Structure formats: C-alpha cells, structure tokens
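Working through the structure, step by step
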Amino acid sequence: MRSLIVLSVISAALACAAHQSLPQVAESPRSENYRILVHASEPGGNISGAEVVAISKDGLIVELGSTNEMGVLTIPKQRIRPLNPSFLIVCHEWYFCGAIWMDEEKLEIFDERHIELAR
C-alpha cells in the first residue's frame, strides 16, 4: 500500500513537472500601424471614403485621411503619437459622424479599431 502511495506521488510530481516545461506562447509583436475599420450599421458593409480626423488634447485638428474601398484607413502610429489625440472623428456625407475615444494606452494596446456609422 505504501509503495502505491509513493508511486502515485511520484507520478503526480512528474506530471506537474512535464506540464510546467511546456513551451510558452510568445506574445505577438505589436504593429507599428493603426487601422481604423469603418462599417455601416445597416446592411451595406464597409464605408469607403469616410474622412478621419484627430483632435489632440490641446484642440489641434489634424486630417489623417480617408478609408479605402474596404472601409479601412491605415495610419503609422508614429504619425499619431505626437498628436496625443483625445478623439478620432470619423465622418461620411451619407452617415452620422462617429468618434473613437483615444489615449496613449489604447494606441499601444490596440492595433485596430472598428466603428459603425448610422444613417
């Protein structure tokens, strides 16, 4: 009986050791680009030609560009960082404007943001 208990303890210890030696998954590297994906809230999919502007904490308004045919605008983070934006405003002539609240943490944590605009 005693040898059975010792064998069980050794088996459990080996199982724990084997579990701890599993390779760890490396965190994926962050992108140096920030992608904004603009969608329609009603059927119709992506919104191309939506204008995106940044409003910095000191009130500066900077045009960042417009979305492509897939409803995507890709902006280098190095272009956004110096602005220290409070918001990104997304507008299209056929939809209501929308806003994305920004801070430095969100810029570093997220590589893309999705926003839906309503008619």
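Everything that follows concerns the structure shown earlier in this document.
Residues numbered from 1 in each chain as written. Predicted model: local features only at pLDDT ≥ 70, side-chain atom pairs only at ≥ 80, totals over all residues. Heavy atoms only, no water.

**What about the pattern of salt bridges?**
With the rule as written, the count across this model stands at four salt bridges. As a salt-bridge pair, E112 and R35 come within 3.1 Å of each other at their nearest N and O atoms. Taken as a pair, E112 in strand β7 (residues 112-117) and R35 in strand β1 (residues 33-40) lie far apart in primary sequence, 77 residues in all. Look at E112 and you get partly exposed, because its relative accessible area is 33%. Owing to a relative accessible area of 32%, R35 belongs among the partly exposed residues under this scheme. (Salt bridge = Lys/Arg side-chain N within 4 Å of Asp/Glu carboxyl O. Helix = DSSP H or I, 4+ residues; strand = E, 2+ residues; numbered from the N terminus. Buried < 20%, exposed > 50% of the residue type's maximum accessible area, 1.4 Å probe, protein only.)

**With respect to the packing of aromatic side chains**
Under the criterion given, the structure shown has zero aromatic pairs. Between the NZ or CZ atom of R113 and the centre of the ring of F110, over which it lies, the distance is 5.5 Å. (Phe/Tyr/Trp six-rings, centres within 6.5 Å; stacked < 30°, edge-to-face > 60°. Lys NZ or Arg CZ within 6 Å of the ring centre and 35° of its normal.)

**Considerations on the sheet that holds strand β4 (residues 72-76)**
With mixed pairing, three strands are arranged side by side in an open sheet as β4-β1-β7. With partners counted over all chains shown, the strands left at the sheet margins are β4 and β7, one partner each. The average angle at which neighbouring strand axes cross in this sheet is 20°, direction not considered. Here β1 runs beside β7; their pairing, made up of six bridges, is parallel. What sits directly across from I36, in β7, is R113. (Pairing = 2+ DSSP bridges. Axes fitted to C-alpha atoms, helices over the stretch in contact; angles between N-to-C directions.)

**Description of the sheet that holds strand β2 (residues 51-56)**
Read across the open sheet, the four strands follow the order β3-β2-β5-β6; overall the sheet is antiparallel. The sheet is open, and its two edges are formed by β3 (61-66) and β6 (95-101), each paired on a single side. With strand direction ignored, the average angle separating the axes of adjacent strands in the sheet is 20°. The pairing of β2 with β3 spans five bridges and is antiparallel. Bridge pairing in β3 links E51 to S66.

**Considering unusual backbone geometry**
A positive phi angle, close to 50°, is found at N84, a residue other than glycine. Looking at the element boundaries, N84 is found in the loop between α2 (77-80) and β5 (85-92). Residue classification places N84 among the partly exposed residues on the basis of a relative accessible area of 26%.

**Section: the nonpolar core**
In this structure, I36, V38, L64 and L88 are the most contacted members of the largest nonpolar core, which totals 22 residues. Contributing elements (two or more residues each) for this core: β1, β2, β3, β4, β5, β6 and β7. The biggest single contributor to this core is β1, with four residues. In this structure, L64 is in contact with V52, V53, A54, L73, I75, R79, L83 and L88, ignoring residues within four places of it in sequence. (Core = buried A, V, L, I, M, F, W, Y, C linked by side-chain atoms within 4.5 Å. Contact = heavy atoms within 4.5 Å.)

**Focus on the state of the cysteines**
With the rule as written, the count across this model stands at one disulfide. Disulfide pairing is shown between C91 and C97; the S-S distance is 2.0 Å. An S-S torsion of about 120° defines the bridge between C91 and C97 as right-handed. (Disulfide = S-S within 2.5 Å.)

These values are about where atoms sit, not about what they do.
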